Amino acid sequence: MLEQIRHIREEFERELRESADAKALEALRIKFLARKGLIAQLFEQLRTVPPDEKPGVGKALNELRSYAQSAYDEAIGQKKSRSADVRLDLTLPGRPKPVGTRHPITQTIEDLKRIFAGMGFGIAYGPDIEDDYHNFTALNFPPEHPARDMQDTFFISKNVLLRTHTSPVQIRVMKAQPPPVRVIIPGRVYRNEAVSARSHVIFHQIEALSVDRNVTFSELKGTLVSFVHQLYGSSVKYKFRPTFFPFTEPSADMYISCFICNQKGCPVCKYNGWLEILGAGMVHPNVLRHGGYDPRRYSGFAFGMGIERAALLRYGIDDIRLYFENDVRFLRQF
Ligand code: DAH
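The sections below set out a description of the structure shown in this document.

1. Observations regarding the pattern of salt bridges
For the structure on display, the rule yields 17 salt bridges. Where K113 meets E110, a salt bridge forms, and the shortest distance between an N and an O atom there is 3.8 Å. Of the two residues, K113 and E110 are both situated in helix 5 (residues 104-117); the distance of three residues between them amounts to about one turn of the helix. Residue classification places K113 among the buried residues on the basis of a relative accessible area of 18%.

Put into structure tokens, the structure is as follows:
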């Protein structure tokens, strides 16, 4: 009998240790301490114990019962007070939720939109999937122009392609509304090129088109200088250099002084102190005609720039591929 008492005590102790919650403690109480529990059963058996052993066994049993009861009470008390601890503490600081940021390209587009909105430009969009007519023909590309070559353009079929620039939207905007027109056109463009630190098959451009009576090159220049000062700061120097685009005449590339090295020479400006930032020009009469505008009555300017490049210069990023990898270690910095 004494042996049995020791056994039950050990069993009780073990199960008490393993009781993690109020539910387990309740099961423990029922098994050992309830009216028909194991300890009560031992008291039943006491009647069968020979009289001379009764006092010893009775004492051991009483000890077991009071030990088990107080150990159980204590455990219940602890559980209760622990659950009392987790009452709502309104003074605790909140757990911060991780907040995403806008992609640096999106941020740059937003800034460009804001700057041009301040100069009276609306916003227009066009399809990424274009036809040959809007991407090339209407923009005065001659039939054998090398830009139509398979090497630069992703063709979907003979006449359908992924636009290689945002300029086709110029035609769509003119077709959709009579002059005057003054819009910027942000969007994705596609080129079939080898991916490297400096070029990618997908990138973004922002296009501008302004057509009205008597729009002049000096208006184009004034617009661009104001834009550059707003985006890169008023101390930046600039220059225009004549160039060729089929859809503008005359045409120019705009350069700004390299603010990364202050024109001392660095890898970004290829050690010549100047950064090419956009192409521009007066809209070619043939382009106005394709848009349904009469070039004898209207003139206009247009320009287009790569957004990755603008963002690259702003943030000092040296690899265009970073924009498209969605590595949060990169994105988190903006
Ligand atoms: N479409 C040209 C390109 O992708 C950029 C450009 C140059 C756009 C001159 C224009 C412009 O509107 O006038 O390289």
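Read on for the rest.
2. Here we look at the packing of aromatic side chains
To describe a pair of aromatic rings, one takes the distance between the centres and the angle between the planes. This model, assessed by the stated rule, comprises 15 aromatic pairs. Plain terms: the ring middles of F12 and Y67 are 5.8 Å apart, the flat faces sit at 80° to each other, and that makes the pair edge-to-face. With a gap of 55 residues between them, F12 in helix 1 (residues 2-18) and Y67 in helix 4 (residues 54-85) connect regions that are remote in the sequence. According to the relative accessible area criterion, F12 is buried, its value standing at 0%. Look at F116 and F303: their rings are 5.6 Å apart centre to centre, the planes differ by 40°, and that puts the pair in the tilted class. You can see F116 sitting in helix 5 and its partner F303 sitting in strand 9 (residues 299-306), a full 187 residues away along the chain. With respect to burial, F116 and F303 carry one shared label: buried.

3. Details of the state of the cysteines
Tallying each qualifying case throughout the model produces zero disulfides. Here C261 is not cross-linked by a disulfide; its sulfur's nearest cysteine counterpart is in C258, at 3.6 Å. A relative accessible area of 12% means that C261 is categorised as buried.

4. Thoughts on helix 1
Structural remark: α-helix, 3.6 residues per turn; residues separated by three or four positions point the same way. Its 17 residues give helix 1 an end-to-end C-alpha distance of 25 Å, which sits within 8% of 24 Å, the value for a rise of 1.5 Å per residue. Within helix 1, the full set of buried residues consists of I5, I8, F12 and L16. Looking down the long axis of helix 1, one finds its buried residues gathered within 70° of arc, a one-sided arrangement. Across helix 1 from its buried face, at more than 90 degrees, point the exposed residues R17 and E18.

5. Side note on the environment of A22
Locating A22 in the fold gives a position in helix 2 (residues 22-33). For A22, a relative accessible area of 49% corresponds to the partly exposed category. Spatially, the C-alpha atom of A22 lies 7.1 Å from that of I76, the residues being 54 residues apart in sequence.

6. What about the site of the ligand?
As a structural note, the neighbourhood of the ligand is formed by 15 residues, with H165, S167, R191, Q205 and E207 the closest of them. Between S167 and the ligand, the recorded distance is 3.0 Å, taken from a side-chain N or O atom to a nitrogen atom. Take R191: an N or O atom from its side chain is 2.9 Å from an oxygen atom of the ligand. When the ligand is considered free in solution it has 350 Å² of accessible area, and contact with the protein chains removes 88% of it. Within the residue set of the shell around the ligand, elements represented by two or more residues are strand 5 (202-212), strand 8 (274-283) and strand 9. Within the shell around the ligand, the residues separate by chemical class into five nonpolar, eight polar and two charged.

7. Section: the pairing of strand 6 (residues 238-245)
Across seven bridges, the pairing between strand 6 and strand 7 (residues 248-257) is antiparallel. Along strand 7, the bridge assignment pairs K239 with Y255. A loop of two residues connects strand 6 with strand 7, the two strands running antiparallel in sequence.

8. Focus on the pairing of strand 5
Side-chain direction in a regular strand flips from residue to residue, so the side chains alternate between the two faces of the sheet. Most of strand 5 sits inside the fold, with nine of its 11 residues counted as buried. Alignment of strand 4 (residues 181-190) against strand 5, held across 10 bridges, turns out to be antiparallel. Along strand 5, the bridge assignment pairs G187 with Q205. The pairing of strand 5 with strand 9 spans eight bridges and is antiparallel.

Cut-offs and rules
- Here the residue numbering is sequential within each chain, running from 1 through the sequence in written order.
- Whole-chain, interface and lining totals are the exception, using all residues; otherwise, since this is a predicted model, local features are given only for residues with pLDDT of at least 70 and side-chain atom pairs are given and counted only at 80 or more.
- Calculated side-chain values reflect all of the structure's heavy atoms, with hydrogen atoms and water omitted.
- Think of a salt bridge as a Lys or Arg side-chain nitrogen and an Asp or Glu carboxyl oxygen that are within 4 Å of each other.
- Secondary structure elements follow DSSP: runs of H or I of four or more residues count as helices, runs of E of two or more count as strands, with numbering from the N terminus.
- For the exposure calls, accessible area comes from a 1.4 Å probe over protein chains only, and a residue counts as buried if that area is under 20% of its type's maximum, exposed if over 50%, partly exposed in between.
- Any two of the Phe, Tyr and Trp rings considered here, Trp counted by its six-membered ring, make a pair once their centres fall within 6.5 Å; the pair's planes then place it as stacked at under 30 degrees, edge-to-face at over 60, or tilted in between.
- Whenever a pair of cysteine sulfur atoms sits within 2.5 Å, that pair is classed as a disulfide.
- To estimate the expected span of a helix, count its residues, drop one, and scale the result by 1.5 Å.
- Note that the arc is defined by the directions from the helix axis to the C-beta atoms.
- The rule for a residue being near a molecule or strand is that one of its heavy atoms must lie within 4 Å of it.
- In protein, a polar contact requires one atom able to donate a hydrogen and another able to accept it; more generally it is a pair of N or O atoms within 3.5 Å, and residues adjacent in sequence count only if both atoms are side-chain atoms.
- Per-residue accessibility takes into account occlusion by the displayed protein chains alone, with areas from the Shrake-Rupley method and a 1.4 Å probe.
- All residues other than Ala, Val, Leu, Ile, Met, Phe, Trp, Tyr, Cys, Pro, Asp, Glu, Lys and Arg, Gly among them, are scored as polar; the first ten of these are nonpolar and the last four charged.
- Pairing between strands requires that DSSP locate at least two bridges from one strand to the other.

Interpretation in functional terms is not warranted from these geometric data alone.
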